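In case you want the letters, here they are:
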Amino acid sequence: MGGESFIFIDFKDICAMFRAEKMDINLLAVWCLMQAQDALKTKQNICYLDPQRTYAGRYRVTIERNSEEEMSCYIARAMLRFAKEDKSCVMAVHHVVDHYLAFMIYPSAGRIFVFDSADYELSAYQEFVDIIQDAYKYYVNQGGKHKTGYVRMAVRTKFPCQKQPKGSVLCGYYCCELLRCTNRYVSNPEDYDPSELQGPANAQSPTEIVTALQRDMCQFIRREICHEKGNFFSPGQDMAAHPQLCKWPRDQWPETEDKIEKEKREKSDKSEKRAKSGKSAKQS
């Protein structure tokens, strides 16, 4: 997601998610990490910025607040890096006045699409749009692919998207839904038909959206972060002190499934051999 970073997850964050309470930025970062992995698995030209690097608030006492200059530099460098990887679409998250918005950025086309589940006015997040514009200017000066004559990116606000219930605190969940690159978490892409993974999830009501997000988020955390064989498992995390927990979702792993199938075949072969030997004994 544009560079190395650390994500801190507390048990209270998971509890808050299951209670459909306000989502913290760290879980949005986990969601973007999951979507970035799914985009790679399904070979889509989509990449994700780290929400922790584009967040202006203070959400952990151990992490300093991001300045406008820091955010602009991070976005510009990420754009250049993703362009070299032939990634045409950059997804970003921003937080304003206790509300999350999703941004779809196309540097090569010079366009920004804003997905807002509450239809805030542009003035509410103009500051972040200006940060993206500054990053785009640096991107262009450094030779990034762009449309000739485009000095600033065109911004499309209030792009048609799903809307959260008025007065709710579900903006984080709707933001995650709008950031999806597949309609469900992809654990083994070789087992799925690509056409089944395109488009948004089949979740429409607030309950369906929250439930689908809880399902996918927890499966990703268990498989890729908590499990000792996960791509993002950290030996230094607190859970590493409890090896039995790090091996808990063992039935999720292909090699374990192969072992189970092998044991079933061996058991079946033994049963067939016993049956054959029984028939031979009767004949004699």
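Report on the accompanying structure.

So, how was this worked out
- Residues numbered from 1 in each chain as written.
- Predicted model: local features only at pLDDT ≥ 70, side-chain atom pairs only at ≥ 80, totals over all residues.
- Heavy atoms only, no water.
- Buried < 20%, exposed > 50% of the residue type's maximum accessible area, 1.4 Å probe, protein only.
- Helix = DSSP H or I, 4+ residues; strand = E, 2+ residues; numbered from the N terminus.
- Pairing = 2+ DSSP bridges.
- Right-handed = clockwise from strand over helix to strand, strands pointing away.
- Salt bridge = Lys/Arg side-chain N within 4 Å of Asp/Glu carboxyl O.

1. Here's the deal with the pairing of strand β4 (residues 111-115)
Moving on, step 1. By the criterion of burial, β4 is predominantly enclosed, with 4 of the 5 residues buried.
Moving on, step 2. Sheet analysis places strand β3 (residues 99-106) next to β4, joined by 5 bridges and oriented antiparallel. In the sheet register, Met104 faces β4, and the bridge partner there is Phe113.
Moving on, step 3. Across 3 bridges, β4 lies against strand β5 (residues 154-156) in parallel orientation. Of the residues in β5, the one forming a bridge with Phe113 is Arg156.
Moving on, step 4. Between β4 and its parallel partner β5, the chain crosses via helix α4 (residues 122-141), and the hand of that crossover is right-handed.

2. Here we look at the pattern of salt bridges
Moving on, step 1. If you walk through the whole model with that rule in mind, you get 7 salt bridges.
Moving on, step 2. Between Arg180 and Glu177 there is a salt bridge; the shortest N-O distance is 3.0 Å. Neither Arg180 nor Glu177 differs from the other in exposure class; each is buried.
Moving on, step 3. The closest approach of N and O atoms between Arg215 and Asp216, which form a salt bridge, is 2.9 Å.
Moving on, step 4. The exposure class assigned to Arg215 is partly exposed, which follows from its relative accessible area of 46%.
Moving on, step 5. Relative accessible area serves as the criterion here: at 2%, Asp216 is assigned to the buried category.
Moving on, step 6. When salt bridges with common partners are traced through the structure, they connect Glu177, Arg180, Arg215 and Asp216 into a single cluster.

3. Focus: the pairing of strand β2 (residues 89-96)
Moving on, step 1. Burial of β2 is extensive: 8 of the 8 residues sit out of reach of the surface.
Moving on, step 2. Neither face of β2 is open: one carries Cys89, Met91, Val93 and His95, the other Val90, Ala92, His94 and Val96, and all of them are buried.
Moving on, step 3. Where strand β1 (residues 46-48) meets β2, 3 bridges bridge the pair, whose relative direction is parallel. Along β2, the bridge assignment pairs Cys47 with Val90.
Moving on, step 4. Relative to β3, β2 runs antiparallel, the two sharing 7 bridges. Bridge pairing in β3 places Val93 opposite Ala102.
Moving on, step 5. Connecting β2 to the next strand, β3, in antiparallel fashion are 2 residues, including Val97 with a positive phi near 45 degrees.

Note that every value here comes from positions in space, so none of it alone points to a role or purpose.
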